[in-house]
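Observations on the three-dimensional arrangement
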Amino acid sequence: MAHKDHTKIYFLVFAALMVLLVLTVSVAYLHLGALALTITLLIAATKAAIVMLFFMHVKYSSPISRIFALAGVVWLGIMLALTFSDFQTRGWQSQPRPQPTATSGGRTTSADPAQR
């Protein structure tokens, strides 16, 4: 099997990654609110897929290697989904904690009666 020169492909991949980098920085300077996170994650996923396909040679590998690479990506998606769902359910952390108040005896007590 003859060795194929992939230099042109690597330069095209490099150019694509640089374009996506400029796009990511541009999105950071735009005030898109919550949509900015979604857009930057999609750009990051695209960059990761390009790196995986070309630099890790998944595109030219056997079908079993592709299956395992896809399994890794699916596992990463599961872990991200669980992380984001955990983050979304932490509403109790946004509540302010009661501040301690000073009493006349110089002792500090909590304003919350349950903590006395």
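Anyway, here's the lowdown on the structure attached to this text. All values reported here derive from a predicted model rather than from experimental measurement. (Residues numbered from 1 in each chain as written. Predicted model: local features only at pLDDT ≥ 70, side-chain atom pairs only at ≥ 80, totals over all residues. Heavy atoms only, no water.)

Within this structure, the stated rule accounts for 1 aromatic pair. Between Y10 and F55, the ring centres sit 5.6 Å apart and the planes meet at 35°, which makes this aromatic pair tilted. Here the residue Y10 occupies a position in helix α1 (residues 7-29), and F55 occupies one in helix α2 (residues 35-55), the gap between them amounting to 45 residues. The exposure class of Y10 is partly exposed, given its relative accessible area of 29%. By relative accessible area, F55 is classed as partly exposed at 38%. (Phe/Tyr/Trp six-rings, centres within 6.5 Å; stacked < 30°, edge-to-face > 60°. Helix = DSSP H or I, 4+ residues; strand = E, 2+ residues; numbered from the N terminus. Buried < 20%, exposed > 50% of the residue type's maximum accessible area, 1.4 Å probe, protein only.)

What follows concerns the pattern of salt bridges. Counting across every chain of the model gives 1 salt bridge. Note that R90 and D86 form a salt bridge whose closest N and O atoms lie 3.0 Å from each other. The class for D86 is partly exposed, based on a relative accessible area of 36%. (Salt bridge = Lys/Arg side-chain N within 4 Å of Asp/Glu carboxyl O.)

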